[in-house]
Amino acid sequence: MLSIQNIRKSFGKLDVLRDVSLEVNQSDVVAILGPSGSGKTTLLRCLNFLETADDGFMEFDGEKYHFGQVSRKEIAHIRRKTAFVFQNYNLFLNKTALQNVTEGLIIARKTPRAQAEKIGLEVLEKVGMLDRKDHYPNQLSGGQQQRVAIARALATDPEIIFFDEPTSALDPELTGEVLSVMRDLAREGRTMLVVTHEMSFARNVSTRVVFMEDGVVVEEAPTAEFFAHPRAERTRGFLRKIDGDMSAQGEHVSINNKKENVQ
Amino acid sequence: MTERVWNIVVDSFPKILLPGLTMTIPLTVISFAIAMVIAVAVAMVQFAKVPVLRQICRFYIWVIRGTPLLVQLYVIFYGLPKLGVILDPFPSAIIVFSINEGAYCAETMRAALESVPAGQMEAGYCVGMNYLQIMRRIVLPQAFRTAFPPLSNSLISMVKDTSLAANITVMEMFMATQRIVARTYEPLVLYMEVGLIYLLFCTVLTWVQRAGEKRLNASGYRKE
């Protein structure tokens, strides 16, 4: 459904993505793992054109695009069929939870208000935030904000949802509520591409794992295979380090990686 | 205070207040409204980094902020007739005050726009909105919230600056007072009297500002 070929991106002299290719099929939950600075987030941002990739091709929903020369109209078209969940939520600060969710429907898609609100209430219920529908973002905890952000992503019924380290900015005790919502979505067959440091999520929820380092995909495999028989030495090193951290710090690897992620 | 002086103060009060209501306030309100339109437009051009227009906006702000308001009034009212452009005092004052205030408020608005986190814009794009929709519904409302106190400051400042229009024969409060002083030779009490009326106007505006901020906060959205 989504296929990326040979994407490249550099910031000045720094090559962040060096020839990355990636395939996501319907109902896949792909976890992108890798150390900080490996280009995971940049990859995700390029797919939604928050960054402009320098080169490469993207096939999405039956259409083929060349990254260097995508028109504004095509970008708008792609964005309408995708959704993005940010590390720091980025809820609209001047809108209530419900307004955050309906904004993309009413304004961008001209959905009638009544219908948009019906959808809004449904998705807020799905993420367990219906009782907070009239709260503003600053009246919600981080975990609650992220759940509203996921509801906002669901409202437009996207073909694929991009998650950019959705639990990295959260206090450890709040990651569970967000991960459980994501687990429900995976179970429903939502197609998701998730940059994460949550090993438990990658291990238990994702269908495939992509391991990136220094702007290239080092290894890509179905989840069970990836964890049971990692092929590349660098993958094995990464997993060993994570396993060590996990036994030392309990389940939440994110504690360990948090400082590095806040850029 | 002798009875004569007291009578002058009492008699002159409506004569000063009336031009305040019919000239000072309209001059302030109209000029500030136009200034806000200029400010938002100029701030948005810079925020969006529109080429050429952006340089023109910087030039405009540079010139207006770098020259005295009084000089600007003189150039428009006394200078332009040399080029055959003859304007009445009141329209001249409106033009100068709105252009002058527009430059200052544009900088306030630009700072407020830049204080809105970049993620707000990105989130807007990701839900499918276009640039103008995001500006109108997300970024500008948040910027206005931030800009409200400094803009109120500018408005209060402007009420008093309108007294400079007396120099180009606009019959506003200060000029009305000057006329009465010329007739009665009581500069001390009369100038203090007009000062008090300005203070009164500004006090009302301070209340309005406070009520406005309260309302903005009550809407639940506060800047973190």
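Residues numbered from 1 in each chain as written. Chains lettered and ligands numbered in written order. Predicted model: local features only at pLDDT ≥ 70, side-chain atom pairs only at ≥ 80, totals over all residues.

### Quick word on the overall build of chain B
- Per the secondary structure count, chain B includes eight helices and zero strands.
- What you see in chain B, going N to C, is helices and strands ordered as α-α-α-α-α-α-α-α.
- Principal-axis analysis of the C-alpha atoms gives chain B an extent of 75 × 50 × 25 Å.
- In chain B, of all internal contacts separated by at least 6 residues, the share reaching a separation of at least 24 is 78%. (Helix = DSSP H or I, 4+ residues; strand = E, 2+ residues; numbered from the N terminus. Contact = placed C-beta atoms within 7 Å.)

### Quick notes on the environment of A:Leu98
Residue and element names in this part refer to chain A.
- As for its position among the elements, leucine 98 is in helix α3 (residues 97–108).
- Sequence spacing of leucine 98 and leucine 2 is 96 residues, and the spatial spacing of their C-alpha atoms is 30 Å.
- Ignoring any residue separated from it by four or fewer positions in sequence, one finds leucine 98 in contact with Glu117, Gly120, Leu124, Lys133 and Asp134.

### Remarks on the sheet that holds strand β1 (residues 2–11) of chain A
Residues and elements named next belong to chain A.
- Spatial ordering of the open sheet is given by β2-β1-β4-β5, a layout of four strands whose pairing is antiparallel. Strands at the two margins of the open sheet, each flanked by one partner only, are β2 (14–24) and β5 (63–66). Going from strand to strand, the sheet's axes swing by 15° on average, the running direction of each strand aside.
- Against the sheet, helix α1 (residues 40–47) makes contact with β1 and β2, and its axis sits at roughly 65° relative to β2, the strand it touches most. (Pairing = 2+ DSSP bridges. Axes fitted to C-alpha atoms, helices over the stretch in contact; angles between N-to-C directions.)

### Comments concerning the packing of helix α1 (residues 3–47) of chain B against helix α7 (residues 173–184) of chain B
All names here are of chain B.
- Following both chains from N to C, one finds α1 and α7 inclined at 155°, their axes separated by 8 Å at the closest point. If you check the angle between α1 and α7, you find them roughly antiparallel. In this structure, the crossing between α1 and α7 has a hand that is right-handed. Contacts between α1 and α7 involve Ile8, Ser12, Lys15, Ile16, Pro19, Gly20 and Thr24 from the former and Met173, Ala176, Thr177, Ile180 and Thr184 from the latter. (Parallel < 35°, antiparallel > 145°, perpendicular 65-115°, else oblique. Left-handed = near helix turned anticlockwise from the far one by under 90°.)

### Examining the interface of chain A and chain B
- Taken together, the contact pairs 23 residues of chain A with 19 residues of chain B.
- At the level of elements, α2 (72–80), β6 (82–85) and α3 of chain A are the ones that each hand at least two residues to the side of chain A that touches chain B.
- The greatest single-element share of the side of chain A that touches chain B, amounting to four residues, is contributed by α3(A).
- Of the residues contributing to the side of chain A that touches chain B, the split by class is ten nonpolar, eight polar and five charged. (Nonpolar A, V, L, I, M, F, W, Y, C, P; charged D, E, K, R; others polar.)

### A short note on the sheet that holds strand β10 (residues 216–222) of chain A
Residue and element names in this part refer to chain A.
- Pairing is mixed across the open sheet formed by six strands, whose spatial order is β6-β7-β8-β3-β9-β10. Only two strands of the sheet have a single partner each, and these edge strands are β6 and β10. Neighbour to neighbour, the strand axes of the sheet diverge by 15° on average, direction disregarded.
- Two elements, strand β9 (residues 208–213) and β10, share six bridges in a ladder whose sense is antiparallel. Within β10, the residue paired with valine 209 across the bridge is alanine 221.

### Overview of α1(B)
- The largest bend along α1(B) reaches roughly 40° and is located at B:Gly20.
- Positive phi shows up at B:Lys49, right after α1(B), with a value of about 55°. (Bend = angle between axes of the 7 residues up to and from the residue.)

### Re the environment of A:His135
Residue and element names in this part refer to chain A.
- Here histidine 135 is to be found in the loop between α4 (113–126) and α5 (142–155).
- When the C-alpha positions of histidine 135 and serine 21 are compared, they lie 41 Å apart, and in sequence the two are 114 residues distant.
- Excluding anything up to four places from it in sequence, histidine 135 contacts Thr96, Ala97 and Leu140.

### A short note on the confidence of the model for chain A
- Of all residues in chain A, 92% have pLDDT values of 70 or greater, and the mean over the chain is 90.
- A low-confidence stretch, residues 250–263 of chain A (pLDDT under 50), is modelled with 27 contacts involving residues beyond four sequence positions or located in other chains. (pLDDT = per-residue confidence, 0-100.)

### Examining the pairing of strand β7 (residues 160–164) of chain A
Residues and elements named next belong to chain A.
- When you tally the buried positions in β7, you get five out of five residues, the bulk of the element.
- Covered by surrounding structure in β7 are Ile160, Phe162 and Asp164 together with Ile161 and Phe163, the residues of both alternating faces.
- Pairing geometry for β6 and β7, over four bridges, is parallel. By the bridge assignment, threonine 82 is partnered in β7 with isoleucine 160.
- In the classification by handedness, the crossover that spans β7, the intervening helix α6 (residues 172–187) and the parallel strand β8 (residues 192–195) is right-handed. (Buried ≥ 20, exposed ≤ 12 C-beta atoms within 10 Å, placed from the backbone. Right-handed = clockwise from strand over helix to strand, strands pointing away.)

### Points about unusual backbone geometry
All names here are of chain A.
- Positive phi outside glycine occurs at phenylalanine 49, with the angle close to 65°.
- Mapped onto the elements, phenylalanine 49 comes out in the loop between α1 and β4 (55–60).
- Note on phenylalanine 49: 21 C-beta atoms within 10 Å, which makes it buried.
- One non-glycine residue, aspartate 61, lies in the positive phi region at around 55°.
- You can see aspartate 61 is positioned in the loop between β4 and β5.

### Remarks on the packing of α7(B) against helix α8 (residues 187–218) of chain B
All names here are of chain B.
- In the contact formed by α7 and α8, the axes pass within 10 Å of each other and the chain directions differ by 165°. One finds that α7 runs roughly antiparallel with respect to α8. Considering the relative orientation of α7 and α8, their crossing is right-handed. In this structure, α7 contributes Met173, Phe174, Thr177, Ile180 and Val181 to the contact, and α8 contributes Pro187, Leu190, Tyr191, Val194 and Ile197.

### Digging into the nonpolar core
- A:Ala151, B:Ala39 and B:Met109 are the most contacted members of the largest nonpolar core, which has 128 residues in total.
- The element best represented in this core is α1(B), accounting for 13 residues.
- Beyond its immediate stretch of four places on either side in the chain, B:Met109 contacts B:Ala39, B:Val40, B:Ala43, B:Ala143 and B:Ala147. (Core = buried A, V, L, I, M, F, W, Y, C linked by C-beta atoms within 7 Å.)

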